[in-house]
Amino acid sequence: MKLEALKLYLCPLLTYRQKLILIRELLETKTELKEKRIRDLLELSPGKRRILYQVLSDPQLRKKAEYLNSQYNIVTIIEDAYPKQLREIYRPPLVLFYEGRLELLSTQILAIVGSRNATKYGRQALDQIMPGLAYKNITICSGLARGIDSIAHRHTLGLNGNAVAVIGTGIDKVYPRENKSLQQLVAKKGLVLTEYLPGESPLAWHFPQRNRIIAGLSKAVLVIEAKERSGSLITAN
């Protein structure tokens, strides 16, 4: 069923809502979707239904799903390994690409986010906060951005703690570029994940979308310095 979910995720004719409806049907039935069932679920006209079923039956779409599944670590929303708390958020990601220890998503997670232009105060605040969190085995989740995000990840790894980074690019991309070694270290010792296909670049709208995943994975969000209209406060809200 994983390949069927990947095919739906990759299908260019389906909206997010339609993909979610069909993938949830896969989750419930554990069987391949037939044309009649797709018709009943999506209420498509006969012409649109036939075109959609032709696309879903296209061997090239299956080959693309098989390639991604063979080349990357992927967990889909229909699998037991998919974090339960993410299924409850607005527009849950249908697919997560990851590198590292997926089991960290079952631990107690605290999101730490903040300004990309960290001040001395922000750094000192993290210096005081992080040792206690590491001692209590709290997993730290952030977005691997400049400033507070990166400092929090470095503190966590330096204290032999658990770090989870949710990125706004494909799993094979790094943004910002200066965080290449940090992203590699988080992937090696912790977990890096994304909802974006391999090869996808850092587009502006990716980051507010990424923030909903950070918040959804976490029991709480700690904001260390943020502007009034910032992504950090979007995450907290």
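Just so we're clear, the structure is a prediction, and the values are computed from it rather than from any experiment.

Conventions adopted
- Residues numbered from 1 in each chain as written.
- Predicted model: local features only at pLDDT ≥ 70, side-chain atom pairs only at ≥ 80, totals over all residues.
- Heavy atoms only, no water.
- Helix = DSSP H or I, 4+ residues; strand = E, 2+ residues; numbered from the N terminus.
- Expected span 1.5 Å × (residues − 1).
- Buried < 20%, exposed > 50% of the residue type's maximum accessible area, 1.4 Å probe, protein only.
- Contact = heavy atoms within 4.5 Å.
- 1 Å grid on protein atoms, 1.4 Å probe; cavity = no way out; pocket = protein on both sides within 12 Å on 5 of 7 lines; lining within 4 Å.
- Points joined across faces, edges and corners; volume = space filled by probe spheres on them.
- Nonpolar A, V, L, I, M, F, W, Y, C, P; charged D, E, K, R; others polar.
- Salt bridge = Lys/Arg side-chain N within 4 Å of Asp/Glu carboxyl O.
- Pairing = 2+ DSSP bridges.
- Axes fitted to C-alpha atoms, helices over the stretch in contact; angles between N-to-C directions.
- Right-handed = clockwise from strand over helix to strand, strands pointing away.
- Parallel < 35°, antiparallel > 145°, perpendicular 65-115°, else oblique.
- Left-handed = near helix turned anticlockwise from the far one by under 90°.
- Polar contact = N/O pair within 3.5 Å; in protein donor to acceptor, adjacent residues only side chain to side chain.

### Some details on helix H2 (residues 16–29)
Working step 1: With 14 residues, H2 should reach 20 Å at 1.5 Å per residue; the first-to-last C-alpha distance of 20 Å fits that figure.
Working step 2: Inspection of H2 places Tyr16, Gln18, Lys19, Leu20, Leu22, Ile23, Glu25 and Leu26 among the buried residues, and these make up the whole buried set.
Working step 3: Of the surrounding secondary structure, the elements contacted by the buried residues of H2 are helix H1 (2–10) and helix H3 (35–42).
Working step 4: Immediately downstream of H2, the backbone of Lys30 shows phi near 60°, a positive value.

### Comments concerning empty space enclosed by the protein
Working step 1: One pass over the structure, following the stated rule, counts one cavity of 30 Å³ or more.
Working step 2: Empty space within the largest cavity amounts to approximately 70 Å³.
Working step 3: Around the largest cavity, the lining is made up of 14 residues, and of these Leu144, Tyr175, Pro176, Phe207 and Arg210 lie nearest the centre.
Working step 4: Among the residues making up the lining of the largest cavity, the classes are represented as seven nonpolar, four polar and three charged.

### Observations regarding the pattern of salt bridges
Working step 1: One pass over the full model with this rule turns up eight salt bridges.
Working step 2: Between Glu79 and Lys2 there is a salt bridge, and its shortest N-O distance comes to 3.9 Å. Taken together, the residues Glu79 in the loop between strand E1 (73–76) and strand E2 (95–100) and Lys2 in helix H1 connect sequence positions 77 residues apart.
Working step 3: Here Glu103 makes a salt bridge to Arg101, at a shortest N to O gap of 3.5 Å.
Working step 4: When salt bridges that share partners are traced, they join Glu4, Lys7, Arg62 and Glu66 into one network.

### Brief notes about the sheet that holds strand E7 (residues 220–224)
Backbone-to-backbone hydrogen bonds pair the strands of a sheet. The strands run either parallel or antiparallel.
Working step 1: A sheet is described by the order of its strands in space; here seven strands give the open sequence E1-E2-E6-E5-E4-E3-E7, paired in mixed fashion. Lying at the two open borders of the sheet, with one neighbouring strand each, are E1 and E7. Across the sheet, the mean angle from the axis of one strand to that of its neighbour is 25°, orientation sign disregarded.
Working step 2: For strand E3 (residues 109–114) and E7, the ladder comprises five bridges, and the chain directions are parallel. Its bridge partner being in E7, Val113 is matched across the sheet by Val223.
Working step 3: Where H1 meets the sheet, its contacts fall on E1 and E2, and the angle it forms with E1 comes to roughly 90°.

### A short note on the pairing of strand E6 (residues 191–194)
Working step 1: Here E6 shows no split at all, with Leu191 and Leu193 on one side and Val192 and Thr194 on the other all buried.
Working step 2: Here E2 runs beside E6; their pairing, made up of four bridges, is antiparallel. What sits directly across from Glu99, in E6, is Val192.
Working step 3: Sheet analysis places strand E5 (residues 163–166) next to E6, joined by three bridges and oriented parallel. By the bridge assignment, Val164 is partnered in E6 with Leu191.
Working step 4: Running through helix H8 (residues 180–189), the crossover from E5 to the neighbouring parallel element E6 is right-handed.

### What to know about the packing of H2 against H3
Working step 1: Running from N to C, H2 and H3 cross one another at 130°; their axes reach a closest spacing of 10 Å. The pairing of H2 with H3 is recorded here as oblique in orientation. Relative to H3, H2 is oriented so that their crossing is right-handed. Contacts from Gln18, Ile21, Leu22 and Glu25 of H2 reach H3 at Arg37, Ile38, Leu41 and Leu42.
Working step 2: Residues of the contact of H2 with H3, tallied by class, amount to five nonpolar, one polar and two charged.

### Quick look at the side chain of Ser115
Working step 1: With respect to the secondary-structure elements, Ser115 resides in the loop between E3 and helix H6 (120–135).
Working step 2: A distance of 2.9 Å separates a polar atom in the side chain of Ser115 from the backbone nitrogen of Asn117.

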